[in-house]
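Coordinate inspection notes
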Amino acid sequence: MVGTGNYPLGPWAWPKEMPETTDRYGPDIAKRIAHAKELLTPTKKEKGKIDWSKLKAQCASNVKFSCENGQVMQQLLKKINVNVELEPMLLSQLRANEVSGKYNMSLPGRRR
């Protein structure tokens, strides 16, 4: 998929030039989108397994940036014809869904 997000600081951080050396990051957005579409091609042949037009992603409305990051993901995936509906909910419900396996995608964020 098209990579996004913030890189952590400290000893775990990538060097600033590192993202540009991978296929999924770097300044050439057209190349990244083409690569993402290419990755989806085999799954389109497996009809019935994943409906890319009706994916849902749960986000925690009471956790800073969870749903906001979901909106960024939503816009990026739309560029490769993957439509995601965000389902805002409290973190407690999101975690319960994760435990039970009742979700497509989850964006829990993190509490500070």
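Going by the structure above, here's the rest.
One structure accompanies this document, and this report is about it. Remember, predicted model here, so these are calculated numbers, not experimental data. (Residues numbered from 1 in each chain as written. Predicted model: local features only at pLDDT ≥ 70, side-chain atom pairs only at ≥ 80, totals over all residues. Heavy atoms only, no water.)

Section: the nonpolar core
Applied cut-off: In plain words, nonpolar cores are sets of buried Ala, Val, Leu, Ile, Met, Phe, Trp, Tyr and Cys residues tied together by side-chain atoms within 4.5 Å. Buried, partly exposed and exposed residues are distinguished by accessible area as a fraction of the type maximum, computed with a 1.4 Å probe on protein chains only: under 20%, between the cut-offs, and over 50%, respectively. A helix here means a DSSP run of H or I that spans at least four residues, while a strand means a run of E at least two residues long, and both kinds are numbered starting from the N terminus.
Counting 15 residues, the largest nonpolar core has Ala 57, Met 73, Leu 77, Ile 80, Val 82, Val 84 and Leu 107 as its most contacted members. Secondary-structure elements contributing two or more residues to this core are α1 (29–45), β1 (55–60), α2 (66–78) and β2 (84–89). If you look at the next biggest cluster of nonpolar residues, it comprises five residues, including Val 63, Met 89, Leu 91 and Leu 94.

Quick notes on the sheet that holds β2
For the record, the criterion: At least two bridges found by DSSP between two strands are what make those strands a pair. Each axis is a line fitted through C-alpha atoms, and for a helix only the stretch in contact is used; angles between axes span 0 to 180 degrees, taken between their N-to-C directions. We call two residues in contact whenever any of their non-hydrogen atoms come within 4.5 Å of each other.
Within the open sheet, the three strands sit side by side as β2-β1-β3. Their pairing is parallel. Looking at strand neighbours, the two that pair on one side only are β2 and β3 (105–107), the edges of this open sheet. The sheet shows a mean angle of 25° between the axes of neighbouring strands, taken without regard to direction. Against the sheet, α2 touches β1, β2 and β3, its axis set at about 175° to β2. Each of β1, β2 and β3 is contacted by helix α3 (residues 91–100), which is oriented at about 135° to β1, the strand it contacts most.

What to know about α3
Filter applied, for reference: It is the directions from the helix axis to the C-beta atoms whose arc is reported.
What α3 keeps buried is the set Leu 91, Leu 94 and Asn 97. Along α3, the residues classed as buried sweep out an arc of 120° about the axis, all on the same side. For α3, the exposed residues set more than 90 degrees away from the buried face come down to Ser 92 and Val 99. For α3, the elements touching its buried residues are β1, β2 and β3. Just past α3, the residue Gly 101 takes up positive phi, approximately 80°.

With respect to unusual backbone geometry
Most peptide bonds take the trans configuration, and most residues that are not glycine carry a negative phi. Positive phi outside glycine occurs at Phe 65, with the angle close to 75°. Positionally, Phe 65 belongs in the loop between β1 and α2. Among the residues examined, Phe 65 registers a relative accessible area of 44% and is labelled partly exposed. One non-glycine residue with positive phi stands out, namely Asn 81, at about 65°.

Focus on α2
Selection rule: Multiplying 1.5 Å by the helix residue count minus one yields the expected span of that helix.
With 13 residues, α2 should cover 18 Å at 1.5 Å per step; its first-to-last C-alpha distance of 18 Å lies within 8% of that length. Taken together, the buried positions of α2 are Ser 66, Cys 67, Gly 70, Met 73, Gln 74, Leu 76 and Leu 77. Its buried side turned inward, α2 meets β1, β2 and β3.

Examining the pattern of salt bridges
Defined as follows: Criterion for a salt bridge: a side-chain nitrogen of Lys or Arg within 4 Å of a carboxyl oxygen of Asp or Glu.
Applying the stated criterion across every chain yields a total of two salt bridges. The salt bridge partner of Glu 98 is Arg 95, with a shortest N-O separation of 2.8 Å. With Glu 98 and Arg 95 both in helix α3 and three residues apart, this pair spans about one turn of that helix. Here Arg 95 falls in the partly exposed class, since its relative accessible area comes to 38%.

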